[in-house]
Amino acid sequence: MLHGGCLTTMFFAYNRSRKSHFLLFGYGCLTLLAVSVIHLYRHSKEIHHTQQKNRNVATQIITKHTSQKDLTYYFCSHFYPTICQLKKDTSDPTGSVRKNIKGEILALQTYQEILRENSNLSVDEYDELFVKKVYTSKRRHRIQSAFHYVQNALLRYIDKQNNHIFTDREKKFLKNRLKKIKLELPPPASLYQDEPDLFTKNNILYERLTDNSLRLRVGGAYLFTVQSWFNLIFSMSHELAHSIDPCELKFLQIYIPSYDKLLACFIKQGLVQIHNERSECGENDELSETFADWIAVQIIAETLKKFKTEFDRNQLFEAATNAVRDLCEDEDERQDISTHPSAAIRIENIFSQNPIIQTLFDCPPELNSATYCDFE
Ligand SMILES: [Zn+2]
């Protein structure tokens, strides 16, 4: 049914003869077909794989009856294999995180419904109807709140650094970069006219334009996929952190000495992959992504800490899971040489080994011997 719908949509798109939309629908349908085949293939592999893993880690990770000892074990030393083997959507008290594919399918299905219910509209008019259905005021409000929360949290994070880490001038520069970012949320649909494929994508996207303005956009599918506040905060912090990442600074010819210490530590601790084809801030370099994850972890750690008094230990575990759950899926698309570190590194070394998070989950020091990188 889905694939038949895709063909209809492609035919519609072809008749409308707008290249970007034809590509959009064509790409969406091909992606769905390819993903379905890949899922079937993976499913057969996963059964065997999961059976092996289950010897060590329970499938239903946390229940009311999970002991404190087991919770510590799952979080403090097995967080990556624990959360990345989960097949179902995960929920915390603020909402769920669904698989990316679900968001993409719902976005495409929304287009199909609009097509069925309306005829003889222009492509722009179809986009406008889509945007009204998907970027509702409730969803927009949630994104706007998260954006302001993250922007302010990052400003405070810069401000609270000692003067031997950032001088007043450096702080001012970094804060101005963060303040410059504008959140762009439809309607109108024309706001994403230059990137209409974003409507069916799961991305939150930070972009620097040729006129040096900075913007943040949110894909339509992401609005279906993520309800969890914690995922929203982590994902948005990661994107906003790109405005002050070492490669952006390099591009702007700004040098901040404290960055060197942090980056040297990333390399020493293996958080940035060193390979023959690596050139710093080049196409296959992980530096900016590792930095954005590391900054996002500073923000999500403080966020989780705030909820410690409101949530019980299981809810706190669910919140931590949802913060980084989608990183497991990024791993499926990862090549040997990539711009992102592996999900294992992102989830365990950068996220769960953060000292604030370790304290939140009462991790015993013997389970974490690695140095956690910092600006000093
Ligand atoms: Zn990134």
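Throughout, residues of each chain are indexed from 1 in the direction in which the sequence is written. pLDDT decides what is reported in this predicted model: residues at 70 or higher carry local features, side-chain atom pairs at 80 or more are listed and counted, and totals for whole chains, interfaces and linings draw on all residues regardless.

Colleague: It is not clear to me how the overall build of the protein chain should be interpreted in this structure. Could you clarify?
Modeller: Secondary structure elements follow DSSP: runs of H or I of four or more residues count as helices, runs of E of two or more count as strands, with numbering from the N terminus. A tally of helices and strands in the protein chain yields 16 helices and five strands. With C-beta atoms placed from the backbone, a residue counts as buried when 20 or more other C-beta atoms lie within 10 Å of its own, as exposed when 12 or fewer do, and as partly exposed for counts between those limits. Put simply, the protein chain has 376 residues, and 35% of those count as buried. Across the protein chain, the fraction of contacts at a sequence separation of at least 24, relative to all contacts at a separation of at least 6, is 72%. The contact criterion used is a C-beta to C-beta distance within 7 Å, with each C-beta placed from the backbone.

Colleague: What is the right way to look at the confidence of the model for the protein chain in this model?
Modeller: Residues shown with low pLDDT carry predicted positions that ought not to be read at fine detail. Values of pLDDT, ranging from 0 to 100, describe the predictor's confidence in every residue of the model. When the pLDDT values of the protein chain are averaged, the result is 83; 81% of them are 70 or greater. Across residues 1-59, where pLDDT falls below 50, the model places 42 contacts with residues more than four positions away in sequence or in other chains.

Colleague: Looking at this structure, I do not really get the packing of helix 6 (residues 137-159) against helix 7 (residues 168-180). What am I missing?
Modeller: How two helices sit against one another is set out by the angle between their axes and by the gap between those axes. To get an axis, fit a line to the C-alpha atoms, keeping to the stretch in contact for a helix; angles then go from 0 to 180 degrees between the N-to-C directions. Put simply, helix 6 and helix 7 touch, their axes get as near as 10 Å, and they point 175° apart. Judged by the angle between their axes, helix 6 and helix 7 are roughly antiparallel. In this structure, helix 6 contributes Gln-151, Leu-154, Leu-155, Ile-158 and Asp-159 to the contact, and helix 7 contributes Lys-171, Leu-174, Lys-175 and Leu-178. Its residues assigned to classes, the contact of helix 6 with helix 7 shows five nonpolar, one polar and three charged. The scheme is simple: roughly parallel for angles under 35 degrees, roughly antiparallel for over 145, roughly perpendicular for 65 to 115, oblique for anything else. Ten residues, namely Ala, Val, Leu, Ile, Met, Phe, Trp, Tyr, Cys and Pro, are considered nonpolar, four, namely Asp, Glu, Lys and Arg, are considered charged, and the remaining ones, Gly among them, are considered polar.

Colleague: Looking at this structure, how should I read the pairing of strand 4 (residues 204-208)?
Modeller: For a regular strand, side chains alternate in direction, first toward one face of the sheet and then toward the other. Here strand 4 runs beside strand 5 (residues 214-218); their pairing, made up of five bridges, is antiparallel. If you follow Glu-207 over to strand 5, its bridge partner there is Arg-215. Between strand 4 and strand 5, which follow one another and run antiparallel, lie five residues, and Asn-212 among them has a positive phi close to 70°. Strands were regarded as paired on the criterion that DSSP finds at least two bridges between them.

Colleague: I keep staring at the sheet that holds strand 5 and nothing clicks. Help me out?
Modeller: The strands making up a sheet associate through backbone hydrogen bonding, with each pair oriented either parallel or antiparallel. What the three strands build is an open sheet, ordered 3-5-4; its pairing is mixed. Only two strands of the sheet have a single partner each, and these edge strands are strand 3 (181-184) and strand 4. On average, adjacent strands in this sheet sit at an angle of 25° to one another, irrespective of strand direction.

Colleague: I'm lost on the nonpolar core in this one. Help?
Modeller: Note on soluble globular proteins: their nonpolar side chains tend to be buried together. We define the nonpolar core as any set of buried residues of the types Ala, Val, Leu, Ile, Met, Phe, Trp, Tyr and Cys, connected via C-beta atoms lying within 7 Å of each other. In terms of nonpolar packing, the biggest core is built from 76 residues, with Val-150, Ile-233, Met-236, Leu-240, Ala-296, Ile-300 and Ile-347 touching the most fellow members. With ten residues, helix 12 (residues 287-306) is the single largest residue contributor to this core. Not counting the four nearest positions on each side in its chain, Ile-347 is found in contact with Phe-79, Tyr-80, Ile-83, Val-324, Leu-327 and Ser-352.

Colleague: Honestly, unusual backbone geometry in this entry has me stumped. Any pointers?
Modeller: Backbone geometry follows two general trends: most residues other than glycine have a negative phi, and most peptide bonds adopt the trans configuration. Between Pro-186 and Pro-187 the backbone carries a cis peptide bond, its omega angle lying at 0°. Positionally, Pro-187 belongs in the loop between strand 3 and strand 4. Phi angles above zero are rare outside glycine, and Cys-281 is one such case at about 65°. Topologically, Cys-281 is positioned in the loop between helix 11 (257-268) and helix 12. A tally of 15 C-beta atoms within 10 Å means that Cys-281 is categorised as partly exposed. Although it is not a glycine, Asp-362 adopts a positive phi angle of roughly 50°. With respect to the secondary-structure elements, Asp-362 resides in the segment after helix 16 (355-360). When the 12 C-beta atoms within 10 Å are taken as the criterion, Asp-362 is described as exposed.

Colleague: Before we go on, may I ask you to explain helix 12 in this structure?
Modeller: The α-helix advances 3.6 residues per turn, and as a result positions three or four apart in sequence lie on the same side. Under the convention used throughout, the expected extent of a helix is 1.5 Å for every residue step, that is, one less than its residue count. For helix 12, with 20 residues, the first-to-last C-alpha span of 29 Å sits near the 28 Å given by 1.5 Å per residue. A large share of helix 12 lies buried, amounting to 14 of its 20 residues.

Colleague: Explain the packing of helix 12 against helix 15 (residues 343-352) here, please?
Modeller: One can describe the packing of helix 12 onto helix 15 by two numbers: an axis separation of 9 Å at closest approach and a directional angle of 50°. Classified by the interaxial angle, the pair formed by helix 12 and helix 15 is oblique. The chirality of how helix 12 crosses helix 15 is right-handed. Between helix 12, through Asp-293, Trp-294 and Val-297, and helix 15, the contact on the second element is made entirely by Arg-346, Ile-350 and Phe-351. Of the residues belonging to the contact of helix 12 with helix 15, the class tally is four nonpolar, no polar and two charged. If you view the pair so one helix is near and one far, a crossing is left-handed when the near helix is turned anticlockwise from the far one by less than a right angle, and right-handed when it is turned clockwise.

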